[in-house]
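# A closer look at the structure
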Amino acid sequence: MKKLILATLILSSVSSFAYLTVFSNLEATKLILNDEAVMSKILKKSETNTLDAVKVESDKFNEFTVTVTTSTEEAVCSTAVKVKAQIVHAEIPGGAKITTNKLVVTKIESSECMSK
């Protein structure tokens, strides 16, 4: 019984815990489409302002490759964007610290364009 009480006291006094999220293709898509800076870089690289499609591939846990397809009158362009979860440390009210993760864009590849 003493060990149980001691274990409970130790666990209740821990001021740090982790809450890690498993992200889906939908969250990766939302990150790309809702971030104006990322979208402007994609459109600038493909030299267009017409968005045609977004395709998400996930080959690793919490890492995604988002392929953004854009077009001009003469060509169709494809731009790959690497997205992955990064660890974030935050302090919540009361002084406890949590470890969590969030999706971030790590790399925007150059656009590959093909004539129509």
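Scroll up to find the structure.
As a starting point, this report considers the structure included with it. Because the structure is a prediction, the values reported are computed rather than measured. (Residues numbered from 1 in each chain as written. Predicted model: local features only at pLDDT ≥ 70, side-chain atom pairs only at ≥ 80, totals over all residues. Heavy atoms only, no water.)

## Considering the pattern of salt bridges
Selection criterion: Definition used for salt bridges: Asp or Glu carboxyl oxygen within 4 Å of a side-chain nitrogen of Lys or Arg. The rule is simple: take the accessible area with a 1.4 Å probe, protein chains only, and divide by the maximum for that residue type; under 20% is buried, over 50% is exposed, in between is partly exposed.
Throughout the structure, instances matching the rule amount to two salt bridges. In this structure, lysine 55 engages glutamate 57 in a salt bridge whose closest nitrogen and oxygen atoms are separated by 3.7 Å. Overall, glutamate 57 belongs to the partly exposed group, its relative accessible area being 40%. Two residues, glutamate 109 and lysine 107, come together in a salt bridge whose shortest N-O distance is 3.9 Å. On the basis of relative accessible area, glutamate 109 is assigned to the partly exposed category, the value being 26%. By relative accessible area, lysine 107 is classed as partly exposed at 46%.

## What to know about helix α3 (residues 36–46)
Here is the rule: Helix numbering and strand numbering both begin at the N terminus, where a helix is a DSSP run of H or I of at least 4 residues and a strand a DSSP run of E of at least 2. Read the arc as the range of directions from the helix axis to the C-beta atoms. Contact definition: two residues touch when any of their heavy atoms are within 4.5 Å. Polar contacts, as counted here, are pairs of nitrogen or oxygen atoms within 3.5 Å of one another; within protein the pair requires one atom able to donate a hydrogen and one able to accept it, and residues that are adjacent in sequence qualify only if both atoms are side-chain atoms.
Within the sequence span of α3, burial applies to Val38, Met39, Ile42 and Ser46. Along α3, the residues classed as buried sweep out an arc of 95° about the axis, all on the same side. Across from the buried face of α3, at angles greater than 90 degrees, the exposed residues are Glu36 and Lys44. Against the buried residues of α3 lie α2 (25–34), β2 (50–60), β3 (63–71), β4 (75–91) and β5 (97–108). Capping the start of α3, aspartate 35 holds a side-chain oxygen 3.1 Å from the backbone nitrogen of alanine 37, two or three residues further along.

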